[in-house]
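Geometric and topological summary
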Amino acid sequence: MTPSQHAAACGSGLILLVSAPSGAGKTSVVRELMRRDTRLRMGISHTTRTARGSEREGHDYYFVSKREFNDMQAEGDFLECAEVFGHMYGTSSRMIDEFLAQDTDVILEIDWQGAAQLRAKGYADASVFILPPNFESLASRLKCRGSDTQGVIEARLRAARDEIARYEDYDYLLVNEDFDQAVETLGDIVRAERNRTGKVRTRRSNLLYALFDPKEAG
């Protein structure tokens, strides 16, 4: 699907991409915004890594084997896929198509590689990159969550600088210095994007027809 075809198919539903280096608090910010804004849905990715801590199947990720992932990839089931720290992640085309058919607003937490693929295909109304207030906070958050070995933490920190260098590819830049403010700012972005002319035109077409109907004007 070309960007113009996607725009026509998308209707009034919003696709927002959110990326960040590990430890920037992306998931916490997104989940809190979804709690406050019940119109938002989470796009759940498939991954070959195992669940961490309280993560649940179908809520945080769809956890699949490498063979299952490769089979899905071969069948063209992913709009995008990328390897991140030795594990594969992918976004289901069927899931996105279902969201679009329902005019649903969806947030995708996604690595910069996947975000680039989705933007190239026209599957992004807007994208947000979340920054930490400083580099030290990344290390602290990664250590506190207790889900990675020291070697993995060091690898994530090395990769973080390269990830942060991608920020200019995004429409919005959000610094997660104050959690509540970060959530509010992300909410402001969602509300602004919902009110873009093209989205409102699709959502409120009956109103616009009535306003421009000469009989109504008389």
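We now turn to the structure provided with this report. Since the model is a prediction, treat every value here as computed from it, not as a measurement.

The rules behind these values
- Residues numbered from 1 in each chain as written.
- Predicted model: local features only at pLDDT ≥ 70, side-chain atom pairs only at ≥ 80, totals over all residues.
- Heavy atoms only, no water.
- Pairing = 2+ DSSP bridges.
- Helix = DSSP H or I, 4+ residues; strand = E, 2+ residues; numbered from the N terminus.
- Axes fitted to C-alpha atoms, helices over the stretch in contact; angles between N-to-C directions.
- Contact = heavy atoms within 4.5 Å.
- Left-handed = near helix turned anticlockwise from the far one by under 90°.
- Nonpolar A, V, L, I, M, F, W, Y, C, P; charged D, E, K, R; others polar.
- Buried < 20%, exposed > 50% of the residue type's maximum accessible area, 1.4 Å probe, protein only.
- Patch = residues over 30% accessible without salt bridge, like charges linked within 9 Å, V, L, I, M, F, W, Y side chains within 5 Å.
- Areas by Shrake-Rupley, 256 points an atom, 1.4 Å probe, with all protein chains shown as cover.
- Salt bridge = Lys/Arg side-chain N within 4 Å of Asp/Glu carboxyl O.

Taken in spatial order, the five strands make up an open sheet running β2-β7-β1-β8-β9, and their pairing is parallel. Two strands close off the open sheet at either side, each with one partner strand: β2 (40-42) and β9 (172-175). Neighbour-to-neighbour, the strand axes of the sheet open up by a mean angle of 25°, direction not taken into account. Strand contacts of helix α4 (residues 93-101): β1 (15-19), β2 and β7 (105-109), with the helix running at about 155° to β7, the strand carrying the most contacts.

A few words on the packing of helix α2 (residues 26-36) against helix α8 (residues 179-194). Put simply, α2 and α8 touch, their axes get as near as 9 Å, and they point 65° apart. The crossing of α2 and α8 is right-handed. Residues Ser28, Val29, Val30, Glu32, Leu33 and Arg36 of α2 form the contact with α8, whose participating residues are Phe179, Asp180, Ala182, Val183, Glu184, Leu186, Gly187 and Val190. For the contact of α2 with α8, the per-class residue count stands at eight nonpolar, two polar and four charged.

What follows is about the pairing of β1. By the criterion of burial, β1 is predominantly enclosed, with five of the five residues buried. By the alternation rule, side chains of β1 split into Ile15, Leu17 and Ser19 and Leu16 and Val18, which are all buried. Direction of pairing for β1 relative to strand β8 (residues 126-131): parallel, over a ladder of four bridges. Looking at the pairing, Ser19 lines up with Phe129 of β8.

What follows concerns a nonpolar patch on the surface. Taken together, the side chains of Leu207, Leu211 and Phe212 make up a nonpolar region of the molecular surface, amounting to roughly 350 Å² of accessible area. Turning to its location among the elements, Leu211 is positioned in helix α10 (residues 205-211).

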